[in-house]
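Residue-level structural notes
So you can see what is in the structure, the chains are spelled out below.
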Amino acid sequence: MKTRLLSISLFLLLIGCDQTKNKDQDYLRWIGDIPFDEKMDDQEFKLCNTEAQVLQYFNMEKGAVFIGEKPNLLNFFQDNFRVEPTAKQSGWIRIRFIVNCEGKAGRHRMLQADEDFKETMFSSSITEQLFNLTKEIEIWPILERYEKGVDYYFYLTFKMKDGQIEEILP
Amino acid sequence: MILKRDKKQETRSMTKNLVSIFERVSIKPILLFSLLLALFSLPSSAQPNCELFKSQGNLKKAEACEKCYELKGLYQFSKEFQTILDEALEIDSTFAYAYRAKSVAYLKSGDFIRWKELMDKAVEYDPEGMLGYRGWCRYQFFRDYEGAISDIEELDRLVDGKIGYSATGEYHLNIAKGICYSQIGQIEKGIEIIEKQIREQKHFAGLYDYLHLAALYIETHQYEKALEALKQQEEEYDMSESAYYQSLALLELGRKEEAWEWANIASQKYDEGRRMHDGYTHPPHKIYRKDIDELIGKLQIVNGPSTSSGTKIEDGD
């Protein structure tokens, strides 16, 4: 467990913020795409289709859907997120990832902003928890397009107030 | 791939014109919304009027604007789409529309940092045209209630109250502002704003206006008013949520038999998929299966085990 936490901490230190953000003149296929990075991504996580076929969650016109509906997700974080009395930051933390056609998630990336939407770094006691908890969710909704399972981008945005989760979006 | 580019000024004027037309022909509000939403989704509607810039002698802006004709058929997330907008901004770095169009993919992918940078630029160069959109997005995508209120109120000052509708066309921005106030603990103020907007002669009800109002009445223990609002809601758009809040209000008023019936209607409508829906996020006052089951469970306890067998329950027990 300690080794796992240490590796996650190192990972967070390394990435600091979202690696998908590119300079305007250096776009990927789509805004927000997350290329595989062998240094940080799980080799076991596979796409069902090609990289060029990864969609956005809303492309399937079902909106943001969750296993057991959204209250299930809220309960999960409410039950497992431990408020750190010394970490009183506010703002937004987004964890974006890909869900494959089997409902498994991978390539998680984090983005952090203060209350003015300026890039910032939250206390690692907050980010590590949110990152780890999000990765612990084993299954996400399987979405289809034209009756075929798709890979899609999804994200969780945590609205933080004084170190506590105030809301989870979308 | 569906392109859903946004616009502002045209939206406002189109909305006003359509409202005026449909008022004259007494069209049903739900149909009006369907038509409005369909129109808002048309890619061509996003393009500003380049001729207007020319007629104003603003040739650089006109050129940047015409560059955006090349966006037709491109997906707003794509590098081609973004690159064309970059080129438009190279022609005229004050072309607010291009910043806004660029921002949409960042908004929808949850990149609040880049989205805000771009929308700040858009607002800087066209506050009247962009503040309402930025405010709406702050509410819809990030639950930045204070930021949304600030933007909508600033717009209100700039355009003398004619603030218009959300980017989706479903909410007058005053309704959105009222919801925002209610979500930061100022429920009475939120109710007051929504009530005032609904009383406006030219207001046409949004899909969920009365539902939000009813939910806020319930939060402030005004159950009879909630029932009145829900009657109006049923005329606009009947869904699981309206039946659920109807049941809640009736339960609080001691009308248990009716509460039971409405809870079951809520359950049925939920299963039929008649629910509040947003293509990107979950709106406030949306309910879930868990909420309905808890309400039904509570009614079974309140009314006793005979409830589920269909035995008549006397009101006021």
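Let me begin by describing the structure that accompanies this report.

Calculation notes
- Residues numbered from 1 in each chain as written.
- Chains lettered and ligands numbered in written order.
- Predicted model: local features only at pLDDT ≥ 70, side-chain atom pairs only at ≥ 80, totals over all residues.
- Helix = DSSP H or I, 4+ residues; strand = E, 2+ residues; numbered from the N terminus.
- Contact = placed C-beta atoms within 7 Å.
- Buried ≥ 20, exposed ≤ 12 C-beta atoms within 10 Å, placed from the backbone.
- Nonpolar A, V, L, I, M, F, W, Y, C, P; charged D, E, K, R; others polar.
- Axes fitted to C-alpha atoms, helices over the stretch in contact; angles between N-to-C directions.
- Parallel < 35°, antiparallel > 145°, perpendicular 65-115°, else oblique.
- Left-handed = near helix turned anticlockwise from the far one by under 90°.
- Pairing = 2+ DSSP bridges.
- Core = buried A, V, L, I, M, F, W, Y, C linked by C-beta atoms within 7 Å.

Summing up its helical and strand segments, chain A has three helices and seven strands in all. Seen in sequence order, chain A has helices and strands lined up from the N terminus as α-β-α-β-β-α-β-β-β-β. Long-range contacts, defined here as pairs at least 24 residues apart, represent 73% of the contacts in chain A between residues at least 6 apart.

Counting its regular elements, chain B contains 16 helices and zero strands. Split into buried and exposed, the 317 residues of chain B put 47% on the buried side. Counting contacts in chain B only where the partners sit at least 6 residues apart, residues at least 24 apart contribute 57% of the total.

Between chain A and chain B, the residue contacts involve 30 residues of the former and 28 residues of the latter. Counting only elements with at least two residues in the side of chain A that touches chain B, the list comes to helix H2 (69–80), strand E2 (91–99), strand E3 (105–113), strand E6 (152–161) and strand E7 (164–169) of chain A. Among the elements that line the side of chain A that touches chain B, the one with the most residues is E6(A), at four residues. Each residue belonging to the side of chain A that touches chain B can be placed in one class, and the counts come to 15 nonpolar, four polar and 11 charged.

A pair of packed helices can be characterised by two numbers: the angle between their axes and the separation between those axes. Residues and elements named next belong to chain B. Across the interface, helix H12 (residues 209–219) lies against helix H13 (residues 223–236) with an axial gap of 8 Å and an inter-helix angle of 165°. With respect to H13, the element H12 is oriented roughly antiparallel. In the crossing of H12 with H13, the sense of the turn from one axis to the other is left-handed. In contact with Tyr210, Leu211, Leu213, Ala214, Tyr217 and Ile218 of H12, H13 contributes Tyr223, Lys225, Ala226, Ala229, Leu230, Gln232, Gln233 and Glu236. In terms of residue class, the contact of H12 with H13 is made up of 10 nonpolar, two polar and two charged.

The next thing to look at is the pairing of E3(A). Residue and element names in this part refer to chain A. With eight of nine residues buried, E3 lies mostly within the body of the structure. Where E2 meets E3, seven bridges bridge the pair, whose relative direction is antiparallel. By the bridge assignment for E3, Ile98 is matched with Gly106. Counting the residues in the hairpin turn of E2 and E3 gives five residues, including Gly103, whose phi is positive at 85°.

Attention now goes to the pairing of E6(A). Residue and element names in this part refer to chain A. Judged by how many residues are buried, E6 sits mostly within the fold: eight of 10 residues are covered. Bridge count for strand E1 (residues 55–56) against E6 is two bridges, and the pairing is parallel. Of the residues in E6, the one forming a bridge with Gln56 is Tyr153. Summarising the sheet, E6 and E7 pair through five bridges and their orientation is antiparallel. Residue pairing for E7: Lys161 is matched across the bridge by Gln164. Counted along the chain from E6 to the antiparallel partner E7, the turn is two residues long, and its residue Asp162 has a positive phi close to 50°.

All names here are of chain B. Residues Ala98, Ala176, Ala214, Ile218, Ala226 and Tyr245 are the most contacted members of the largest nonpolar core, which totals 120 residues. When residues of this core are assigned to their parent elements, the largest contribution, nine residues, is made by helix H6 (residues 96–108). Excluding anything up to four places from it in sequence, Ala176 contacts Trp136, Tyr139, Ala148, Ile152, Ser166 and Tyr171.

It is worth spelling out unusual backbone geometry at this point. All names here are of chain A. In this structure, the amide linkage connecting Leu169 to the following residue, Pro170, adopts the cis form with an omega of 5°. Relative to the helices and strands, Pro170 resides in the segment after E7. Backbone geometry at Phe117 places phi at a positive 65°, although glycine is not the residue there. Here Phe117 shows up in the loop between E3 and helix H3 (124–136). Residue class for Phe117 comes out buried when judged on the 22 C-beta atoms lying within 10 Å of it. The residue Tyr146 is not glycine, and still its phi comes out positive at about 50°. In this structure Tyr146 comes out as exposed when scored by C-beta crowding, with 5 C-beta atoms within 10 Å.

Further remarks concern the environment of B:Lys290. Relative to the helices and strands, B:Lys290 resides in helix H16 (residues 289–303). C-alpha separation for the pair B:Lys290 and B:Lys60, spaced 230 residues apart in sequence, amounts to 56 Å. Excluding anything up to four places from it in sequence, B:Lys290 contacts A:Glu69 and A:Pro71.

With respect to the helices, strands and loops of the structure, B:Leu158 is situated in helix H9 (residues 145–158). For B:Leu158, the contacting residues outside a window of four places in its chain are B:Pro127 and B:Glu128.

The next subject is the packing of H9(B) against helix H10 (residues 173–183) of chain B. All names here are of chain B. Running from N to C, H9 and H10 point in directions that differ by 145°, and their axes come no closer than 9 Å. Of the two elements, H9 crosses H10, and the hand of that crossing is left-handed. On H10, the residues touching Tyr145, Ala148, Ile149 and Ile152 of H9 are Leu173, Ala176, Lys177, Cys180, Tyr181 and Gln183. Tallied by class, residues from the contact of H9 with H10 come to eight nonpolar, one polar and one charged.

Function cannot be read off these values alone, since they describe shape.
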